[in-house]
Amino acid sequence: MNEGCVGKVYPPTAPYEVGREKIREFAAAVREGNAACWDTEAARALGYPDIIAPPSFPMVLTLEAEHDAVHDPELGAANQNRFVHREQRFAYNRPIHAGDVLTVTVRLAGVDSVAGNDVVTYESTLTAADGEHVCTGRSTFVIFGQEGGDVR
Amino acid sequence: MTVETAARPRYEDIEPGFRLPGRTFRVERKDLVRYGGAACDYNVIHWDDRTAVAMGLPSPIAHGMFTMGLALGVLTDWAGDAGAVVDFGGRFPRLVPVPNDGVGVELTVEATVMEKLEPPRLRLSVAVRLGGSDGGKVLTMPRTIVALR
C-alpha cells in the first residue's frame, strides 16, 4: 500500500437523512429495546427531539464511506473486496436522531501490514447539516490479499 | 420488540466493581442476514458459505459490529437511555463462525463498572464471549463510557 496516502481526507459523502423506520429496523437487528429508539414520546421525555439511533448506528454511514476509500486506486490495497473488521470506536458529541441529515468525512489515519495482509485505519467524522459535530469513528480493517488465504 | 421504560440507575448509587445484569444471545445465520440488511453491510463473508470455506473458515462469521451492537444494547437497557453510551471502542480478537444449522451460536455479554469519572460518567469494561461465561472472548471493550442522568 501507498503509505504516502496516510492523512488523505476524502470529500464528504452525500447527505444521509436518518429516517425513523431505518432507526427501528437497525434497532430490531441489534435487539435494542430501549424505548428512545422506538417511541417518539419516550425519546422526547428524555430530552431528544425525535427517536434516537442505537449507539452503533453510525456504522451504517461510515462502512460505505470507508469501503469507498479502500477502493481508492492511489492507496493500492490488495483485493479490496475481502476485508474483516478488527477494531471500531465511536465517540459521540450527541446522539443521532431521526431527521438528522449527516455527512461523513473519511480520513486515512494509518496503514500497516500484519502477517502479509494489508491493515487500514480510518477516522470518520459525522457532521449534521448545520455543521454540528455529531460523532467520530475510528475503524481498522484487515484486507486479505491472497485467494484462499487464512483469515487468521 | 418489547419496549420498556425501566427505572434508571443513578450515578450516586453505583460503585466500581458493580456488575451489570449479563445477557446471553442466540445468534443464527438469519440474524446475520438481518443485521447485514439493516446495516447496509453486504460483505459476503457474513452470509456466503463458499466464500467462508475459501477463506479457511468453517462458516460465515458474525459482523463484529453486530456483536458490538448486542453488547451495547445491554448497556443502554441498564442505563434506560439509548443515548447514554457516549464513547466506546473494541477489538474483535476472535472471529465468530455462525453455522447455518438452525441452531447457531450463543454470545454472552458481561459488563462491569471499573471507574467513576466526572459525574455523570462511568467507565465500564465490556466483554462478549462465545458460548457461556467460560467461553473465549470475541469482543473486548475495555473503555466504554456511559453517562447516566
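If you're wondering where the values come from, they're calculated on a predicted model, not measured in any experiment.

Things to note about the overall build of chain A
Each helix and strand in chain A was counted, giving three helices and five strands. Each principal axis of the C-alpha distribution contributes one length, and for chain A these read about 50 × 30 × 20 Å. Counting all 152 residues of chain A, 42% fall into the buried class.

Some details on helix α3 (residues 64-79) of chain B
Its 16 residues give α3(B) an end-to-end C-alpha distance of 23 Å, which sits within 8% of 22 Å, the value for a rise of 1.5 Å per residue. Once α3(B) ends, the next one or two residues include Gly80(B), with phi positive near 75 degrees.

Structural notes on the confidence of the model for chain B
This prediction gives chain B a mean pLDDT of 94; 96% of its residues lie at or above 70. With a pTM of 0.94, the predicted complex shows an ipTM of 0.95.

A few points about the interface of chain A and chain B
With 39 residues of chain A at the interface, the matching set in chain B holds 39 residues. No other element matches strand β2 (residues 83-92) of chain A, which puts nine residues into the side of chain A that touches chain B. When β2(A) meets strand β2 (residues 85-91) of chain B, the two strands line up antiparallel, connected through five bridges. Looking across to β2(B), one finds that Glu87(A) is bridged to Arg91(B).

Remarks on the sheet that holds strand β1 (residues 23-27) of chain B
The strand order β1(A)-β3(A)-β4(A)-β5(A)-β2(A)-β2(B)-β5(B)-β4(B)-β3(B)-β1(B) describes an open sheet built from 10 strands, whose pairing is antiparallel. Every interior strand has two partners, whereas the edge strands, β1 (16-17) of chain A together with β1 of chain B, have only one. Bridge analysis of strand β3 (residues 105-116) of chain B against strand β4 (residues 121-130) of chain B gives nine bridges, and the strand direction is antiparallel. Across the sheet, residue Ala111(B) finds its bridge partner in β4(B), namely Val126(B). Along the sheet, helix α3 (residues 59-70) of chain A contacts β1, β2, β3 (101-114), β4 (117-128) and β5 (133-143) of chain A; its crossing angle with β3(A), the most-contacted strand, is approximately 50 degrees.

Some remarks on helix α1 (residues 20-29) of chain A
Since the α-helix advances by 3.6 residues per turn, residues separated by three or four positions end up pointing in the same direction. Within the span of α1(A), buried status applies to Ile23(A), Phe26(A), Ala27(A) and Ala29(A). Taken around the axis of α1(A), the buried residues stretch over an arc of 160 degrees, which confines them to a single face. Buried residues in α1(A) make contact with α3 of chain A together with α1 (29-39) of chain B. Just downstream of α1(A) lies Arg31(A), where phi reads positive at about 60 degrees.

Notes on the UniProt feature "domain: MaoC-like" (unreviewed entry) in chain B
Taking the UniProt record as the reference, the feature "domain: MaoC-like" (unreviewed entry) is found at residues 26-111 of chain B. With 38% helix and 19% strand, residues 26-111 of chain B has end C-alpha atoms that lie 18 Å from one another.

Some thoughts on unusual backbone geometry
Pro119(B) connects to Pro120(B) through a cis peptide bond whose omega is 5 degrees. Mapped onto the secondary structure, Pro120(B) falls in the loop between β3 and β4. Within the chain, Arg31(A) stands out as a residue other than glycine whose phi angle is a positive 60 degrees. Of note, Arg31(A) is situated in the loop between α1 and α2 (40-45). Residue classification places Arg31(A) among the partly exposed positions, given that 19 C-beta atoms sit within 10 Å. The phi dihedral of Ala115(A) is positive, around 50 degrees, even though this residue is not glycine. One can find Ala115(A) in the loop between β3 and β4.

Describing the packing of α1(A) against α1(B)
Here α1(A) crosses α1(B) at 155 degrees, and the two axes come no closer than 9 Å. Taken together, the axes of α1(A) and α1(B) are roughly antiparallel relative to one another. In this structure, the crossing between α1(A) and α1(B) has a hand that is left-handed. Of α1(B), the residues touching α1(A) (which contributes Glu25(A), Phe26(A) and Ala29(A)) are Arg34(B), Tyr35(B), Ala38(B) and Ala39(B). Grouping the constituent residues of the contact of α1(A) with α1(B) by class yields five nonpolar, no polar and two charged.

Scoring rules and cut-offs
Residues numbered from 1 in each chain as written. Chains lettered and ligands numbered in written order. Predicted model: local features only at pLDDT ≥ 70, side-chain atom pairs only at ≥ 80, totals over all residues. Helix = DSSP H or I, 4+ residues; strand = E, 2+ residues; numbered from the N terminus. Buried ≥ 20, exposed ≤ 12 C-beta atoms within 10 Å, placed from the backbone. Expected span 1.5 Å × (residues − 1). pLDDT = per-residue confidence, 0-100. Contact = placed C-beta atoms within 7 Å. Pairing = 2+ DSSP bridges. Axes fitted to C-alpha atoms, helices over the stretch in contact; angles between N-to-C directions. Arc of directions from axis to C-beta. UniProt positions renumbered as here; feature names shortened; annotations may be inferred. Parallel < 35°, antiparallel > 145°, perpendicular 65-115°, else oblique. Left-handed = near helix turned anticlockwise from the far one by under 90°. Nonpolar A, V, L, I, M, F, W, Y, C, P; charged D, E, K, R; others polar.

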